[in-house]
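Fold and geometry: a report
Here are the chains, one letter per residue:
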2 protein chains.
Amino acid sequence: MSQMVGSQSIQFDEAPYILGSASIVGKKEGEGPLGGLFDVVGEDDKFGEDTWEEAESTLQKEAATLALGKADVKKEDIRYIFGGDLLGQNIATTFGLMELNIPLFGLYGACSTAGESLSLAAMAVAAGYGEHVLAVTSSHFASAEKQFRFPLEYANQRPLSATWTVTGSGAFILGKRRAKVRVTGITTGKVVDYGIKDSMNMGAAMAPAACDTIYQNLTDFQRQPGDYDKIITGDLGTVGQGILIDLLKEKGIDISSVHMDCGIEIFDSETQNTNAGGSGCGCSAVTLSALFLPKLEKGTYKRILFVPTGALLSTVSFNEGQSVPGIAHGVVLEYAG
Amino acid sequence: MSQMVGSQSIQFDEAPYILGSASIVGKKEGEGPLGGLFDVVGEDDKFGEDTWEEAESTLQKEAATLALGKADVKKEDIRYIFGGDLLGQNIATTFGLMELNIPLFGLYGACSTAGESLSLAAMAVAAGYGEHVLAVTSSHFASAEKQFRFPLEYANQRPLSATWTVTGSGAFILGKRRAKVRVTGITTGKVVDYGIKDSMNMGAAMAPAACDTIYQNLTDFQRQPGDYDKIITGDLGTVGQGILIDLLKEKGIDISSVHMDCGIEIFDSETQNTNAGGSGCGCSAVTLSALFLPKLEKGTYKRILFVPTGALLSTVSFNEGQSVPGIAHGVVLEYAG
């Protein structure tokens, strides 16, 4: 049986394995530092569809299909999907995964959804609710800009604190069959609000939530930062990274030597004009699949803490003057030999 | 240990109990046939807030707080919240539940979210991931109209097939401590698309999904309709009810004598001008809490199948010409003596 540890975490005794994963990204992501690592790089960000939203749906479908192939699992053998995206009413997920014909739990945790979906997928497998389950998330630069900021045609300027929503989808097949990497624990995040009201500075909005979840993970599991080869946040970017490290130092914890952020890794901000870094549900999902999982599979990393971070706002809440709270969900991944 | 049964269901051997629940609704719901049953009826649909969205957040917070009181559980003893609403990026949930300071899994299943949240809450408790968890959902007529259709000020006419979004929130505390009602099983729904493109006829869009989930539930558990005292859909309304009963008859199953629909129960459509009935995440949640749970607690009903139904669309997907697929999540509730 699995155990509740501390106040917000679970340790899985029969920890589920990651049987396979896939990453599919857009053109700009393919031109970035991780370009050679993704499974598929699209040549056209519409991915053959008529709208940005349909393109994002196609990303999810393709990522899921590819992950099934790599895991050597048939779609009929997937008991549940845990999926989500950033769009209102999760339409990328609905229309992307419909054809798979698999029971679906739709999730919304903003850009933390990659962590939320992996957490619930691991909980389901560890409890014996499914032999295999699928966790999948996506984001798309153009559908997100339309949803949250301005239509691309408006060509607004972007402040330096802004991040660039990643066009991409990452899919993960979890199951009981032995493989190289296990999800050994999770730390589920609370909504944390520091009163940030700048929707162009998501890193600052999410850093307190990342701090809270990382601190709680270390406390619940009685670990030090050095017990992880890497502590990897989702999409804080350079501005959020600085804040996170400072906030944890105030609590007497120094993660500076082990911290990485998917949003910082995925783009070269100097040449790619991405300002503070990449963001979006897809950002952490594709970076985990393409960059970090292979290192765990080889044993280069023995244990990492993966902490996708989400900024909880909508255009409605923002325009009504609400703050932008954050949430972060932690997932412990370990090399299984 | 719990068992997977059939292709989409779980039977909980150590079935979680519903320790308490609460319902809070708006003025119009209070004037309807169930008016005397709700825990709280607001006199003003803004519930003391400045915006409809903040009002909906207040509904969730109040419902959750009231349910905790009725269950005699402290908020510090709730391990997880499974919550959601209909608004873009789940803002009613985020801002409503933030103060509770409890780890949150944000969900989106349109109006099926009441079923999704109860399912995941039951899965979590049955697996030993938490002694107590909270499932909460909401909807608000005014925030939903603004989100999905027209601002109230526009005063558009509504077709007879249209439903009326319920202003309300229902909250449920699940746990291991013995109580009168248990969640003994779940059947998780797939996205089902019959190509309906009329956003004013949600009942027709959702009926095929309800049919699919009910059929699968009966198959997986090897039950007949008569094995349930009631099979209760969320918000099909009168139009959707007729379609559901016909679709199941085509499969050789007659649920007409046991079927009820929360959307039909909550309003008197003749005097309240609600056309096909009530709808929204809040509709099924408050009706379960106020009308059906008390009958289970008294043993009037021994076993019901509760099937909240969701129409998966956004204004973006609708305006881009996409169909309105449905999803429905089944929850089996039994009198525990």
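Calculation rules
- Residues numbered from 1 in each chain as written.
- Chains lettered and ligands numbered in written order.
- Predicted model: local features only at pLDDT ≥ 70, side-chain atom pairs only at ≥ 80, totals over all residues.
- Heavy atoms only, no water.
- Helix = DSSP H or I, 4+ residues; strand = E, 2+ residues; numbered from the N terminus.
- Rg over C-alpha atoms; globule rule 2.2 N^0.38 Å.
- Buried < 20%, exposed > 50% of the residue type's maximum accessible area, 1.4 Å probe, protein only.
- Contact = heavy atoms within 4.5 Å.
- Areas by Shrake-Rupley, 256 points an atom, 1.4 Å probe, with all protein chains shown as cover.
- Least-squares fit on C-alpha atoms with pLDDT ≥ 70 in both.
- Buried area = accessible area lost by both parts, 1.4 Å probe.
- Salt bridge = Lys/Arg side-chain N within 4 Å of Asp/Glu carboxyl O.
- Polar contact = N/O pair within 3.5 Å; in protein donor to acceptor, adjacent residues only side chain to side chain.
- Nonpolar A, V, L, I, M, F, W, Y, C, P; charged D, E, K, R; others polar.

With that settled, the discussion passes to the overall build of chain A. Regarding its fold elements, chain A presents 11 helices and 17 strands. Since a compact globule built from 337 residues should have a radius of gyration of about 20 Å, the 18 Å found for chain A is in line with a globular shape. Reported as C-alpha extents along the three principal axes, the dimensions of chain A are approximately 55 × 50 × 35 Å. Burial statistics for chain A: of 337 residues in total, 68% are counted as buried. Counting only contacts in chain A whose residues sit at least 6 apart along the sequence, the fraction spanning at least 24 positions is 78%. Surface exposure of chain A reaches about 10800 Å², of which carbon and sulfur atoms provide 47%.

Here we take up the relation of the copies chain B and chain A. The transform that puts chain B on chain A rotates by 180 degrees and translates by 0.0 Å along the axis, for an RMSD of 0.0 Å. The transformation just described matches what one would write down for a two-fold rotation axis. Taken as a fraction of all interface residues of chain B, those also at the interface in chain A reach 100%, which identifies the copy contact as same-surface.

Glancing now at the interface of chain B and chain A. Listed per partner, the contact involves 64 residues of chain B and 64 residues of chain A. Surface buried jointly by chain B and chain A totals about 5100 Å² across both partners, of which 63% is contributed by carbon and sulfur atoms. The largest contributions to the chain B side of the interface with chain A come from Arg79, Gln89 and Tyr129 of chain B, which together make up 16% of the buried area. The interface formed by chain B and chain A holds 2 salt bridges in total. The tally of links between chain B and chain A comes to 27 residue pairs in polar contact (both at pLDDT 80 or more). No other element matches helix α4 (residues 113–126) of chain B, which puts 6 residues into the side of chain B that touches chain A. Broken down by class, the residue content of the side of chain B that touches chain A amounts to 32 nonpolar, 23 polar and 9 charged.

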